[in-house]
Amino acid sequence: MTSQLSALAVRGLTKRFDRPAVDALDLTIRVGEFYALLGPNGAGKTTTLRMVAGLLRPDAGSVSILGIDALADPVAAKQIMAWVSDEPMIYDKLTPLEYLEFVAGLWGIDPRTSEQSARDLLVSLGLEPHLNERCEGFSKGMRQKVALAGALVHDPRLIILDEPLTGLDALSARHVKGLLQERVRTGCTVIMTTHILEVAERMADRIGVIAAGRLIAEGTLAELREQNGRNDTTLEDMFIALVDTEAAAA
Amino acid sequence: MNSVAHLSWFARHEFRLAWREWLAMMTGGRRRRNRAVIGLLIFAAILHLPAYAVVSRYADLRFPLDPSSLIVLTATIFLAWALMLSQAIESVTRVFYARADLDLIMSSPAKLTNIFSIRIAAIALTVSSMALLLSTPFIDVLVYLGGPRWLAGFGVVLAIGLSAAATAIAVTAFLFRRIGPSRTRLVAQIVSAVIGAGFVIALQIVAVLSYGTLSRFAFLTSDTAARIAPALDSLLWWPARASLGDLEIMMLLLAASLVLLGVVMAVFAPRFADTVASVAANPAAVTQGRARAFRPGSRQQALRRKEILLLRRDPWLLSQSLMQMLYLLPPALMLWRSFSGTSTAIVLITPVIVMAAGQLAGGLAWLTISGEDAPDLVATAPLPPSRVTRAKIEVVLIAIAVAFAPLVAALIFASPQQAAVTAIAIVIATASAAAVQLWFRAQAKRSQFRRRQTSSRIATFAEAFSSIGWAATAALALTIPGAALVSGILTLVTLAIAWKISPRQA
């Protein structure tokens, strides 16, 4: 029953390239939780999330999304999930509205619902003056916002974001964070990787630290501090200490 | 570093970039330099055989020639010049829009006029080198059979390469000033696509209208052409005379081309910086007018709508479609003429149409199947990959149907049987091209279209042989049905071999 109560339950997830990228990973994320997945470069964060999103086939293990076996029934799992990568992948020759119409169509959303939702999302992300401009002239930040709007337009119950704040200015980053927190308040689950530890510290309900494909620490900020034995330390200090310890052990 | 040393250093840098870009084109981005060079040498050696077949009979030609031969030779040289111009326009456009590199150059303390002069010279030399490479087997054969006077051919190729590059720079810079940076890219792509074909097509149109044949030589070898041709001492014949071994004229042509390039460098190099800056300052915000309401439909419909919208807005497709339409103009004219006559030459229209359909379908299939700009989005969408692929293939079939249905419909009035054969062959050629793209699928950005033919040489050849094979099969089905069976089986065998060695199969 545990998997039905979890937004995401990963068991023994394994992926090897020339070396193990993800090594028998177990991870459970609760419904309505904002979860930050941290780790140094090459730790296996993106590989893990790509396997969860159905972009990469694991070598072993299971992935359950709100009780749906994502490997056995990927279409059903994808219906309730959204993926945003660090490199915004949008179509240069489409306008933001056309892009969102396409995404809503792919997810089979009623156009009467999705049109208003698309406009509201783009306006809330500050893209109102550019609704009918082709994306080819957009900056990276604007493209990232369009991609994020695309992820939210079909009202997913699980949102997976890989470095979503890369390339965003301070105001845009605040817009995005606001949108994500609003989604979490309505019961949506958000999993995000980030290298900006202040964001994880401020926004995440729980934080997972991954290194060499394995989860080396997990908990709320207070729990992580407790594990670390110091109550006044910052997340950055804890992160560096954890990663250094892991590297020394390896 | 003094200014001369600095310039030579930058020239070396330019040639290194040009060489690596060419190598990447030849190897599909994989690091196989030695194999590419060996492959090129083997290709050049093999090219001597068709070169022998084509030019060996002309080895004894000497000036003065009869008017028809002179016209054909001059027209061939002009065609080569037009093709080089087309390639040069494409190179110049690429240089203008390579912003990352240009930002670095323009932010450096180097003198921009000198830097851009070298860049212009590099374009000219790259275009000329490519032409020299391709023409070497032909000139070798002529030198071997006809004597060293044919070595003058190298000078002619260099002269037309340099002059084509100079003209391309002037044309592109002129376009920048007249229509602005955002439109220049599109117009230059269209111009470069149609410019080489335009000359041949114009000759074919004249041949169809005057002589009822698709042969481009019909007009060139006609009495009319001989009558209006200028006297033998005209400047018009200089390139032909130079290629026949007149060293003095060859040197004059080479000098004139160098002067032209020098003038272009002097005039345009100082303005290059402004032009590049205007490109950087105008990131082409294209507005689509008033947004329309979201449309209902299935997931596949959403995919098809997206693909069709992207194809409609694709500059490459626009230029290619225009070129295909230009290629189809002569057969269409012939079709129109045949309504009032009894010419059997109308059969020739079918292979032209089938070949054009196969080629266009190959490009479209790459754009829809491999050229996906948001692969993660489509892969995380809640529908099986097979339905995504099916929707994309449907788009290719729809686009081909829209482009070729009018011609097939017109054929029905001339010959219903021929129309049926043509329609079936178009469908088979399109399906074959799409199948090749599926077997050799390699995810890429649509903007990488230029490199699609180098990502897999086998796919390129399979696509070309399939188009040619189905075109020949269709033509034979109308004339020698027994031979059509053999041609069809051979084409199927080619496709089967491609499938067998494709990465999907491996």
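Values in this document were obtained by computation on a predicted structure and should not be read as measured data.

On to the overall build of chain B. Within chain B one finds 19 helices and 0 strands. Buried residues in chain B amount to 39% of all 506 residues. A sequence separation of at least 24 residues applies to 81% of the contacts in chain B between residues at least 6 apart.

Here we take up the overall build of chain A. Counting its regular elements, chain A contains 10 helices and 10 strands. Taking 250 residues into account, the globule formula puts the C-alpha radius of gyration at 18 Å, and chain A, at 18 Å, falls close to it. Across its three principal directions, the C-alpha atoms of chain A cover 55 × 40 × 35 Å. Taking all 250 residues of chain A together, the buried fraction comes to 50%. The long-range share in chain A, meaning contacts at least 24 apart out of those at least 6 apart in sequence, stands at 70%.

Residues and elements named next belong to chain A. The strand order across the open sheet formed by 6 strands is β6-β7-β8-β3-β9-β10, and the pairing between neighbours is mixed. Each edge of the sheet is formed by a strand with only one pairing partner; in this case those strands are β6 (81–84) and β10 (214–219). Sheet twist, expressed as the average angle between the axes of neighbouring strands with direction ignored, equals 15°. Examined bridge by bridge, β6 and strand β7 (residues 158–162) share 4 bridges and lie parallel to one another. Each residue of the ladder has a partner; that of Val84, found in β7, is Leu161. Contacting β6 and β7, helix α6 (residues 140–152) runs over the sheet at an angle of about 170° to β6. Helix α10 (residues 235–249) contacts β3 (34–38), β9 (206–211) and β10 of the sheet and is inclined by roughly 30° relative to β9.

In this assembly, 35 residues from chain A lie in contact with 32 residues from chain B. Listing elements by their share of the side of chain A that touches chain B, those giving two or more residues are α3 (74–79), α4 (96–106) and α5 (111–124) of chain A. A total of 8 residues in the side of chain A that touches chain B trace back to one element, the largest contributor, which is α4 of chain A. For the side of chain A that touches chain B, a count of residues per class yields 16 nonpolar, 10 polar and 9 charged.

On to the nonpolar core. Within the largest apolar cluster, 142 residues are counted, with the highest numbers of intra-cluster contacts made by Leu8, Ala149 and Ile160 of chain A together with Ile353, Val354, Ala357 and Ala361 of chain B. Broken down by element, this core gets its largest block of residues, 14 residues, from helix α13 (residues 349–370) of chain B. Excluding its chain neighbours within four sequence positions, the residues that come into contact with Leu8 of chain A are Leu27, Ile29, Val52, Ile65, Leu158 and Ile191 of chain A. Counting residues in hydrophobic clusters, the runner-up holds 64 residues, among them Ala51, Val208, Ala240 and Ala242 of chain B.

Turning to the domain arrangement of chain A, a few remarks are in order. All names here are of chain A. What the domain assignment lists for chain A is domain 1 (32–56 + 70–80 + 156–250) and domain 2 (91–155). On the domain 2 side, the residues contacting the 11 residues of domain 1 number 13 residues. Residues belonging to the side of domain 1 that touches domain 2 are distributed by class as follows: 6 nonpolar, 4 polar and 1 charged.

The terminal C-alpha atoms of α6 of chain A, which comprises 13 residues, lie 18 Å apart, in line with the 18 Å expected from a rise of 1.5 Å per residue. Within α6 of chain A, 11 of the 13 residues are buried, which leaves it mostly tucked inside the rest of the structure. If you check which residues of α6 of chain A are buried, you get Gly141, Met142, Gln144, Lys145, Val146, Ala147, Leu148, Ala149, Gly150, Ala151 and Leu152 of chain A. For α6 of chain A, the elements touching its buried residues are β6, α4, α5, β7 and α7 (170–185) of chain A together with α14 (375–379) of chain B.

Residue and element names in this part refer to chain A. The first and last C-alpha atoms of α10 sit 21 Å apart over 15 residues, in line with the 21 Å expected at 1.5 Å per residue. Regarding α10, the residues found buried are Leu235, Met238, Phe239, Leu242 and Val243. On an axial view of α10, the arc spanned by its buried residues comes to 125°, and they lie on one face. Those residues of α10 that are exposed and aimed more than 90 degrees away from the buried face are Glu236, Asp244, Ala247 and Ala248. Residues of α10 that are buried sit in contact with β3, α8 (197–203), β9, β10 and α9 (221–228).

This part is about the pairing of strand β8 (residues 189–193) of chain A. Residue and element names in this part refer to chain A. Within β8, 5 of the 5 residues are buried, leaving the element largely enclosed by the surrounding structure. Side chains Thr189, Ile191 and Thr193 project from β8 onto one buried face, and the interleaved Val190 and Met192 project onto a second face that is buried too. Across 4 bridges, β3 lies against β8 in parallel orientation. Paired with Leu37 across the two strands is Thr193, which belongs to β8. Taken together, the 5 bridges between β7 and β8 define a ladder with parallel strand orientation. The partner of Ile160 across the bridge, within β8, is Ile191. After leaving β7, the chain enters α7 and then returns to the sheet as β8, a path that is right-handed.

Strands in a sheet are paired, the pairing made by backbone hydrogen bonds, and the direction either parallel or antiparallel. Residues and elements named next belong to chain A. The 4 strands are arranged β2-β1-β4-β5 in an open sheet whose pairing can be described as antiparallel. Two strands bound the open sheet, and with one partner strand each, they are β2 (20–30) and β5 (68–69). Across 5 bridges, the pairing between strand β1 (residues 6–16) and strand β4 (residues 60–65) is antiparallel. Directly across from Val10, in β4, lies its bridge partner Val63. Here helix α2 (residues 45–52) sits on the sheet and contacts β1, β2 and β4; the angle it forms with β1, its principal contact strand, is near 115°.

This brings us to the packing of helix α11 (residues 299–312) of chain B against helix α15 (residues 385–414) of chain B. Helix-helix packing is described using two parameters, namely the angle between the two axes and the distance between the axes. Residues and elements named next belong to chain B. Relative to each other, α11 and α15 sit at 45°, their axes nearing to 9 Å. Put simply, α11 runs oblique to α15. The two elements α11 and α15 cross, and the hand of that crossing is right-handed. Residues Gln300, Leu303, Arg304, Glu307, Ile308 and Leu311 of α11 pack against Arg387, Val388, Ala391, Lys392, Glu394, Val395 and Ala399 of α15. Residues that form the contact of α11 with α15 fall into these classes: 7 nonpolar, 1 polar and 5 charged.

Turning our eyes to something else, we now look at unusual backbone geometry. Residues other than glycine predominantly adopt negative phi, and peptide bonds predominantly adopt the trans conformation. Residues and elements named next belong to chain A. One non-glycine residue, Asp155, lies in the positive phi region at around 55°. Mapping Asp155 onto the fold places it in the loop between α6 and β7. C-beta crowding within 10 Å serves as the criterion here: with 16 such atoms nearby, Asp155 is assigned to the partly exposed category. With phi around 50°, Ala212 is a residue other than glycine that occupies positive phi space. With respect to the helices and strands, the residue Ala212 is situated in the loop between β9 and β10. Take Ala212: there are 20 C-beta atoms within 10 Å of it, and that puts it in the buried class.

All names here are of chain B. With respect to the element layout, Pro67 can be found in helix α3 (residues 67–97). Given 18 C-beta atoms within a 10 Å radius, Pro67 is considered partly exposed. Once the C-alpha coordinates of Pro67 and Asp223 are considered, the two residues, 156 residues apart in sequence, prove to be 9.3 Å apart. Aside from chain neighbours lying at most four places away, what touches Pro67 is Ala226 and Ala229.

This part is about the environment of Ile426 of chain B. Residues and elements named next belong to chain B. With respect to the helices and strands, Ile426 occurs in helix α16 (residues 416–439). Residues Ile426 and Phe404, spaced 22 residues apart in sequence, show a C-alpha to C-alpha distance of 8.4 Å. Dropping the residues within four chain positions of it, Ile426 is found in contact with Ile353, Val354, Ala357, Ile400 and Phe404.

Definitions and cut-offs
- Residues numbered from 1 in each chain as written.
- Chains lettered and ligands numbered in written order.
- Predicted model: local features only at pLDDT ≥ 70, side-chain atom pairs only at ≥ 80, totals over all residues.
- Helix = DSSP H or I, 4+ residues; strand = E, 2+ residues; numbered from the N terminus.
- Buried ≥ 20, exposed ≤ 12 C-beta atoms within 10 Å, placed from the backbone.
- Contact = placed C-beta atoms within 7 Å.
- Rg over C-alpha atoms; globule rule 2.2 N^0.38 Å.
- Pairing = 2+ DSSP bridges.
- Axes fitted to C-alpha atoms, helices over the stretch in contact; angles between N-to-C directions.
- Nonpolar A, V, L, I, M, F, W, Y, C, P; charged D, E, K, R; others polar.
- Core = buried A, V, L, I, M, F, W, Y, C linked by C-beta atoms within 7 Å.
- Domains from an automatic or database assignment.
- Expected span 1.5 Å × (residues − 1).
- Arc of directions from axis to C-beta.
- Right-handed = clockwise from strand over helix to strand, strands pointing away.
- Parallel < 35°, antiparallel > 145°, perpendicular 65-115°, else oblique.
- Left-handed = near helix turned anticlockwise from the far one by under 90°.

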